[in-house]
Amino acid sequence: MITMSTVVDLRSDTVTQPTVAMRAAMMAAPLGDDVFADDPSVNALQHALAERLGFEAALFMPTGTQSNLAALMAHCQRGEEYIVGQFAHTYRWEGGGAAVLGSIQPQPLPHQADGSLSLADIEANIKPDDAHFARTRLLTLENTIGGKVLPMDYLAAASALAQKHGLTRHLDGARLFNAAVAVDAADPYAAARRICSHFDSVSVCFSKGLGAPVGSVLCGSAAVIQRAHRWRKMLGGGMRQAGVLAAAAHHALDHHVHRLADDHALAQRLAQGLQGIAGLSVEAPQTNIVFVDVAQGERAAGLLPYLKSRGVLATGLYRLRFVTHLDVDAAGVDHAVATVREYFA
């Protein structure tokens, strides 16, 4: 039941609170010093995720931004280049860290309607081996990208193209398991492994839809993870008794993956509820993110404040983003829909 004191927070799936069971797992976690590599809970998480995704090794990181940055710096040297989408998180939303801290040049490309990068664009932007150019070293993709799932045949083709030109491949898989559930809700772990088979490294975030309070894990070959470990140290990511946090992520890995389908269903419910409102254009969601375009004008500027006054939080202005997660239920979604309709009535 929704009351005026209830807040329906649809700003992001990062706002989730640890469940009771997750808190219990955190309290029961055996601890050590992870800088000495002897925290058993961190080691167990790293081993479990690497094994499930088909990699040799893994490394627990405080944030997804650090995980992606350490990966880029593990793949590329100073003065080299990575190909990336114009709206990819590693390029647009992570403070330019690859360029500022890694001296790695981004080559951003436009996205196709499905969130992918055109194979022709990728190939056309791989630089020749010439001293005038930064050496193209890495292809970076994101899945999901803006809530969209990159098709499996596209991942195979993009991977093959990168390998043909001697590029390594990194996936920002912050919402990897959302993509995996969309591919195969019955066995998302197998789907995630198939997605990861096309990459040399993958960063997986546990503090988004999976509901842990903190942490991402970078997976890759032993050599990649060894280099990333050195970068993690320089970037200040070495933590001591980090098993308290790793236990939350491990609980999420074991218990919160299949339930992502519930978030996807709620996103569909939200999108369907907003259909037909004059001045709104609703993009059909593939996972747990709903984008809504609002006709520009005074009415658009007042929408978010109105929603907030009624206990509904979202982000944007003329392009709103609503994100479902484990702390949102059907009643909350229905309240959000009713509040938007009330505003435009």
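Residues numbered from 1 in each chain as written. Predicted model: local features only at pLDDT ≥ 70, side-chain atom pairs only at ≥ 80, totals over all residues. Heavy atoms only, no water.

The name given to the protein chain in an unreviewed UniProt entry is Low-specificity L-threonine aldolase, and the organism recorded there is Kinneretia aquatilis. For the record of the protein chain, the UniProt heading Sequence similarities (unreviewed entry) holds the text "Belongs to the threonine aldolase family." Under the UniProt heading Subunit (unreviewed entry), the note attached to the protein chain is "Homotetramer." (UniProt positions renumbered as here; feature names shortened; annotations may be inferred.)

Further remarks concern the pairing of strand β5 (residues 135–142). Burial analysis of β5 places 6 of its 8 residues in the buried class, which makes it a mostly covered element. Across 4 bridges, the pairing between strand β3 (residues 80–85) and β5 is parallel. By the bridge assignment for β5, E81 is matched with T136. Since β5 and strand β6 (residues 168–173) lie parallel, the crossover through helix α7 (residues 152–164) that links them has a hand, and here it is right-handed. (Buried < 20%, exposed > 50% of the residue type's maximum accessible area, 1.4 Å probe, protein only. Helix = DSSP H or I, 4+ residues; strand = E, 2+ residues; numbered from the N terminus. Pairing = 2+ DSSP bridges. Right-handed = clockwise from strand over helix to strand, strands pointing away.)

Within the structure shown, the criterion is met by 15 salt bridges. Of the charged contacts, one joins R11 and D9 as a salt bridge, the two residues approaching to 2.6 Å between their closest N and O atoms. Classification of R11 as partly exposed rests on a relative accessible area of 37%. A salt bridge links K127 to E81; the shortest N-O distance between them is 3.0 Å. Here the residue K127 occupies a position in the loop between α6 (119–124) and β5, and E81 occupies one in strand β3, the gap between them amounting to 46 residues. Its relative accessible area of 22% is what places K127 among the partly exposed residues. (Salt bridge = Lys/Arg side-chain N within 4 Å of Asp/Glu carboxyl O.)

Two modes of strand pairing occur in sheets, parallel and antiparallel, and in both the strands are linked by backbone hydrogen bonds. Read across the sheet, 7 strands follow the order β2-β8-β7-β6-β5-β3-β4 without closing on themselves; strand pairing throughout is mixed. In the strand order of this sheet, the two ends are held by β2 (57–61) and β4 (105–109), each with one partner. Across the sheet, the axes of successive neighbouring strands diverge by a mean angle of 20°, strand direction being ignored. Sheet topology places β5 next to β6; 5 bridges connect them, and they run parallel. Bridge pairing in β6 links L138 to T168. Where helix α3 (residues 64–75) meets the sheet, it contacts β2, β3, β5, β6, β7 (201–205) and β8 (216–220), and its direction lies at approximately 180° from that of β6. Against the sheet, helix α10 (residues 222–234) touches β2, β7 and β8, its axis set at about 20° to β2. (Axes fitted to C-alpha atoms, helices over the stretch in contact; angles between N-to-C directions. Contact = heavy atoms within 4.5 Å.)

Glancing now at the packing of helix α13 (residues 298–309) against helix α14 (residues 330–344). Remark: α13 packs on α14, axes separated minimally by 10 Å, with the N-to-C direction vectors making an angle of 140°. Judged by the angle between their axes, α13 and α14 are oblique. Crossing geometry of α13 relative to α14 is assigned as right-handed. Residues E298, R299, G302, L303, Y306 and L307 of α13 form the contact with α14, whose own contacting residues are T339, V340, E342, Y343 and F344. A per-class count over the contact of α13 with α14 returns 6 nonpolar, 2 polar and 3 charged. (Parallel < 35°, antiparallel > 145°, perpendicular 65-115°, else oblique. Left-handed = near helix turned anticlockwise from the far one by under 90°. Nonpolar A, V, L, I, M, F, W, Y, C, P; charged D, E, K, R; others polar.)

All right, on to the side chain of Q107 then. Relative to the helices and strands, Q107 resides in strand β4. Not counting the four nearest positions on each side in its chain, Q107 is found in contact with E81, Y82, I83, V84, N125 and K127.

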